[in-house]
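# Observations on chain architecture
As a plain string of letters, each chain reads:
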Amino acid sequence: MPLPTPASEPSTTPDPVLIFDSGVGGLSVVRALRARLPGVPLAYVCDNAALPYGTKADDWLVARIVAVCAAAVAASGARALVVACNTASTLALEALRDRLAIPVVGTVPAIKPAAALSHSGVIGLLATSATVCRPYTDRLIADFAAGRTVVRVAADTLVAQAERLIAGEPVDPAALDRGLAPLWANPALDTVVLGCTHFPLLEDVLAERAPRPVQWVDSGAAIARRVAQVLDPLPPADARADDPAWATGPVSPGLTRGFAGFGFGEPRSLLLPASRD
C-alpha cells in the first residue's frame, strides 16, 4: 500500500507522470518525454539530500528510494513513476512495484541498441561505479552484447559536472577528460553507452572533448516509448503553467534555473515520514 500523503503542498497538475532521480540526471529523460509526449503533464522529484547514491549501502538506498518515491507520488497524484536513475532501478524496482499502486518504469543502460549500432564490435559503457560493477549489468552484457568487447568505465566525477552544467556553472574540462580517458585506449571503440541519466546532459561537451567521433547512446528514447505504452491511450494535451517539482534537500538558485529550463516551477520541499528520513 502507498505511504500516507506527507505534509508537502499537493500538486495542482492533474495526474502527471512523475520522474525520480537522486539529482538532475532525470532531466535527460524529461527531454525525451517532452519530445515524444508533448502536452502530457510531468512532475519531478530529486533526492538531492542523499546525493550521491553510489556511496550509500544498498539496503539503506532501497528504503530511502521507496520512501522518497512514495511521498512524491502521494504529493503529486502521479499516474505513473519513471525511475530515471540506473542505480535506483537496479536496486529498488521490485520494492517500488510492491509498494505503489501505479505503473513503475525503470532505466536500463542502453547496451542492446549500442551493440546493434557498433560497426567495430567495441563499445564503451560510461556509468557510475554502482552501475558498472553490478551483476545486473553483467547480465545485460551477456544477453545483448555477447561477442562484443565492452569497455567499462566508472566515471562518477561526471555526475557533479552535469549538476554544475544544469545549475549554469562552468564544467571542468580536466574532469571531463579524466572521466573519458579510459575509453580511448582501444582505438576500435566506436560507440559509447551513456549509462547514467546525468551523462546525456553532457553529451555535447563530451563529444567536444572526444579525440575522435563516436556514437553516443542513452536510454531516454526507450523510456519515453515505454511510458507511452503505459499511458495508452494518451491523455489530451494540457495547456498549463510550469510543471511541479520537489527536492529533499536545499534548493539553490542554480537548481531552480535548471529546472525552469526544462519546464518546471521552483522545486518545493518534499517532507518524508520521520521514521524514513
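Turning our eyes to something else, we now look at the pairing of strand 3 (residues 80-83). Of the two faces of strand 3, the one lined by A80 and V82 and the one lined by L81 and V83 are each fully buried. Bridge analysis of strand 1 (residues 17-21) against strand 3 gives four bridges, and the strand direction is parallel. Note that in strand 3 the partner of I19 across the bridge is V82. For the crossover that starts at strand 3, traverses helix 3 (residues 86-99) and ends in the parallel strand 4 (residues 104-105), the hand is right-handed.

For helix 8 (residues 173-180), the full list of buried residues reads A175, L176, G179 and L180. Looking straight down helix 8, one finds that the buried residues subtend no more than 130° of arc, so they occupy a single side. Residues of helix 8 that are buried make contact with strand 5 (122-127), strand 6 (149-154), helix 7 (157-166), helix 9 (203-209) and strand 8 (215-217). The N-cap residue of helix 8 is D172: its side-chain oxygen and the backbone nitrogen of A174 are 3.0 Å apart.

Membership of the largest hydrophobic core comes to 31 residues, with the highest contact counts inside it found for F20, I65, L81, L96 and L270. Counting residues per element, the ones that place at least two in this core are strand 1, strand 2 (42-46), helix 2 (58-76), strand 3 and helix 3. With 10 residues, the single largest contributor to this core is helix 2. Residues in contact with I65, not counting those within four places in the same chain, are F20, Y53, A88, A92 and L96. I19, L33, V82 and F259 belong to the second-largest nonpolar core, a separate cluster that totals 30 residues.

This part takes up the sheet that holds strand 7 (residues 191-194). Across the sheet, which stays open at both edges, the four strands sit in the order 6-5-7-8 with parallel pairing between neighbours. Strands at the two margins of the open sheet, each flanked by one partner only, are strand 6 and strand 8. The mean inter-strand angle of the sheet, taken between neighbouring strand axes irrespective of direction, is 25°. As paired strands, strand 5 and strand 7 are joined by four bridges and run parallel to one another. Each residue of the ladder has a partner; that of L125, found in strand 7, is V193.

Turning to the pattern of salt bridges, a few remarks are in order. Per the counting criterion, the structure on display carries six salt bridges. Of the charged contacts in the structure, one is a salt bridge between R64 and D47, with a shortest N-O distance of 2.6 Å. Taken as a pair, R64 in helix 2 and D47 in the loop between strand 2 and helix 2 lie far apart in primary sequence, 17 residues in all. Assigned by exposure class, R64 and D47 land together as buried. Residue E169 is joined to R164 by a salt bridge in which the shortest nitrogen-to-oxygen separation is 3.4 Å.

For the rest of this paragraph, the subject is the layout of surface pockets. Each pocket or cavity is described by its volume, and for the largest pocket that value is around 390 Å³. Forming the boundary of the largest pocket are 20 residues, of which V108, A110, P113, S219 and A222 lie nearest the centre. The element best represented in the lining of the largest pocket is helix 10 (residues 220-231), accounting for five residues. Considered class by class, the residues forming the lining of the largest pocket number 12 nonpolar, three polar and five charged. Considered as a void within the structure, the second largest pocket measures approximately 280 Å³ in volume. If you trace the second largest pocket, you find 21 residues lining it, with P52, Y53, G54, T128 and V159 closest to the centre. Of all the secondary structure elements, the ones that give two or more residues to the lining of the second largest pocket are helix 3, helix 5 (129-132) and helix 7. It is helix 7 that contributes the most residues to the lining of the second largest pocket, three residues altogether.

Conventions adopted
- Residues numbered from 1 in each chain as written.
- Predicted model: local features only at pLDDT ≥ 70, side-chain atom pairs only at ≥ 80, totals over all residues.
- Heavy atoms only, no water.
- Buried < 20%, exposed > 50% of the residue type's maximum accessible area, 1.4 Å probe, protein only.
- Helix = DSSP H or I, 4+ residues; strand = E, 2+ residues; numbered from the N terminus.
- Pairing = 2+ DSSP bridges.
- Right-handed = clockwise from strand over helix to strand, strands pointing away.
- Arc of directions from axis to C-beta.
- Contact = heavy atoms within 4.5 Å.
- Polar contact = N/O pair within 3.5 Å; in protein donor to acceptor, adjacent residues only side chain to side chain.
- Core = buried A, V, L, I, M, F, W, Y, C linked by side-chain atoms within 4.5 Å.
- Axes fitted to C-alpha atoms, helices over the stretch in contact; angles between N-to-C directions.
- Salt bridge = Lys/Arg side-chain N within 4 Å of Asp/Glu carboxyl O.
- 1 Å grid on protein atoms, 1.4 Å probe; cavity = no way out; pocket = protein on both sides within 12 Å on 5 of 7 lines; lining within 4 Å.
- Points joined across faces, edges and corners; volume = space filled by probe spheres on them.
- Nonpolar A, V, L, I, M, F, W, Y, C, P; charged D, E, K, R; others polar.

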